[in-house]
Amino acid sequence: MDTCIEVKDLTKSFNGRVVVDGLTFRVEKGEVFGLLGHNGAGKSTTIDLLLGLKKPDYGTGTIFGVAPDTNRKAVFERVGVQLQSSNYQNNIRVDELCEEMSALYKEPEDYHRLLQFFSLEKLEKSQVNKLSGGERQRLSVALALINKPEIVFLDELTTGLDTAARRAVWRHLKELKKQGTTIFLTTHYMEEAESLCDRIFLIKDGKKVTEGTVKNVIESSPYENLEEAYLWYMGEEVTL
């Protein structure tokens with residue numbers, strides 16, 4: 001497999017507090033890579049550093065061998081992004097938002113096809129602020145795919161969704177994987193990681209705890225499922 005994301009000693013502090021602490025990892029083309037940790041562990045900051053949205057204090061992060069902070073256009077032509085902080089203007093319709101995003105690229109994907117893929121075609125004329133949480137999340141992924149990215153970054157995509165909505169999003173992500181899209185996913189839901197990820201990388205307080213396939217991470221713990229193994233790695237009591 002080809003490496004498409006490479007991170008070496010990535011470090012970032014805010015107001016004297018180290019948020020990302022010497023992280024090193026690789027992501028291979030076509031895999032689903034999960035960055036796991038509690039809220040505040042440094043997952044979102046790691047994505048911001050990788051995308052060049054924040055500058056590291058030390059270390060490097062490259063996408064397709066390119067540093068995003070100095071070659072942003074080259075990177076963002078090949079990358080799609082859904083961030084936790086995604087906000088949309090008031091009273092905009094789904095189709096209007098898709099058209100605005102499409103206008104940013106020379107050869108965008110047909111957004112009608114994307115809406116159909118994510119079961120949103122009947123909501124094309126609906127206002128975005130009238131959509132349910134699950135519909136908004138699926139729309140955020142559709143928008144991240146308009147530029148036909150080779151890698152898509154999904155930051156806490158299913159936070160706040162009920163079980164049915166979360167599983168609907170998972171089904172669509174599995175289809176994307178089948179199409180060869182590389183997915184970089186952050187989550188604190190172990191069921192989500194177990195269902196979607198080829199490899200996972202656990203962090204606590206910005207530091208690496210462990211990494212490997214879900215199977216390997218579980219087998220290296222005293223437990224038989226990822227949720228209990230995760231709590232053990234995080235140094236928390238496992239209640240049976």
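Everything discussed here concerns the structure shown above.
Residues numbered from 1 in each chain as written. Predicted model: local features only at pLDDT ≥ 70, side-chain atom pairs only at ≥ 80, totals over all residues. Heavy atoms only, no water.

## Some remarks on the overall build of the protein chain
Working step 1: Helices and strands together make up the secondary structure of the protein chain, namely nine helices and nine strands.
Working step 2: For the protein chain, whose C-alpha radius of gyration is 18 Å, the value lies close to the compact-globule estimate of 18 Å for 240 residues.
Working step 3: Once the C-alpha set of the protein chain is aligned to its principal axes, its extents read approximately 50 × 45 × 40 Å.
Working step 4: Across the protein chain, every contact between residues at least 6 apart in sequence was considered, and the portion connecting residues at least 24 apart equals 64%.
Working step 5: Carbon and sulfur atoms make up 45% of the accessible area of the protein chain, which totals about 11,900 Å². (Helix = DSSP H or I, 4+ residues; strand = E, 2+ residues; numbered from the N terminus. Rg over C-alpha atoms; globule rule 2.2 N^0.38 Å. Contact = heavy atoms within 4.5 Å. Areas by Shrake-Rupley, 256 points an atom, 1.4 Å probe, with all protein chains shown as cover.)

## Some details on the sheet that holds strand S4 (residues 58–63)
Working step 1: If you walk across this open sheet you meet the three strands as S2-S1-S4, and the pairing is antiparallel. Looking at which strands have only one partner, the edges of the open sheet turn out to be strand S2 (17–28) and S4. Each adjacent strand pair in this sheet contributes to an overall mean axis angle of 15 degrees, direction not counted.
Working step 2: Where strand S1 (residues 3–14) and S2 come together, eight bridges link them in antiparallel fashion. When the sheet's bridge partners are listed, threonine 3 is paired in S2 with glutamate 28. (Pairing = 2+ DSSP bridges. Axes fitted to C-alpha atoms, helices over the stretch in contact; angles between N-to-C directions.)

## Overview of the environment of glutamine 82
Working step 1: Locating glutamine 82 in the fold gives a position in strand S5 (residues 79–82).
Working step 2: Assessed through its relative accessible area of 3%, glutamine 82 is described here as buried.
Working step 3: In this structure the C-alpha to C-alpha distance between glutamine 82 and leucine 145, which are 63 residues apart in sequence, comes to 9.4 Å.
Working step 4: Look past the residues within four positions of glutamine 82 in its chain and what remains in contact with it is Ser140, Ala144, Phe153, Leu154, Asp155 and Leu157.
Working step 5: At a separation of 2.9 Å, a polar atom in the side chain of glutamine 82 contacts the main-chain amide nitrogen of aspartate 155. (Buried < 20%, exposed > 50% of the residue type's maximum accessible area, 1.4 Å probe, protein only. Polar contact = N/O pair within 3.5 Å; in protein donor to acceptor, adjacent residues only side chain to side chain.)

## Some thoughts on the sheet that holds strand S7 (residues 182–187)
Working step 1: Sheet architecture is open: six strands sit in the order S5-S6-S7-S3-S8-S9, paired in mixed fashion. At either end of the open sheet lies a strand with only one pairing partner, and these are S5 and strand S9 (207–212). Going across the sheet, the axis of each strand differs from the next one's by a mean of 15 degrees, ignoring polarity.
Working step 2: Here strand S3 (residues 32–36) runs beside strand S8 (residues 199–204); their pairing, made up of four bridges, is parallel. Directly across from leucine 36, in S8, lies its bridge partner leucine 202.
Working step 3: Helix H9 (residues 226–233) contacts S3, S8 and S9 of the sheet and is inclined by roughly 35 degrees relative to S8.

## Re the packing of aromatic side chains
Working step 1: Enumeration over the complete set of coordinates arrives at eight aromatic pairs.
Working step 2: When the ring of phenylalanine 25 is compared with that of phenylalanine 184, the centres are 6.1 Å apart and the planes differ by 40 degrees; the resulting orientation is tilted. One end of the pair, phenylalanine 25, is in strand S2; the other, phenylalanine 184, is in strand S7, and 159 residues separate them in sequence. Like phenylalanine 25, the residue phenylalanine 184 is buried in the burial classification.
Working step 3: Note on phenylalanine 153 and phenylalanine 184: the rings are 5.1 Å apart at their centroids and 35 degrees apart in plane angle, and the pair reads as tilted. Here phenylalanine 153 is found in strand S6 (residues 151–155), whereas its partner phenylalanine 184 is found in strand S7, with 31 residues between them in sequence. Phenylalanine 184 matches phenylalanine 153 in its accessibility class, with the two residues each being buried.
Working step 4: Among the aromatic residues, those joined into a ring-pair cluster are Phe25, Phe33, Phe153, Phe184 and Phe201.
Working step 5: A cation over a ring is seen here: arginine 78 above phenylalanine 64, with NZ or CZ 3.7 Å from the ring centre.
Working step 6: In this structure, arginine 166 packs its charged tip against the face of tyrosine 189, placed 4.0 Å from the ring centre. (Phe/Tyr/Trp six-rings, centres within 6.5 Å; stacked < 30°, edge-to-face > 60°. Lys NZ or Arg CZ within 6 Å of the ring centre and 35° of its normal.)

## Re H9
Working step 1: Within H9, six of the eight residues are buried, which leaves it mostly tucked inside the rest of the structure.
Working step 2: Packed against the buried residues of H9 are S3, helix H7 (190–196), S8, S9 and helix H8 (214–219).
Working step 3: Its side-chain oxygen placed 3.2 Å from the backbone nitrogen of glutamate 227, asparagine 225 serves as the N-cap of H9.
Working step 4: Downstream of H9 by one or two residues, glycine 235 has phi in the positive range, about 75 degrees.

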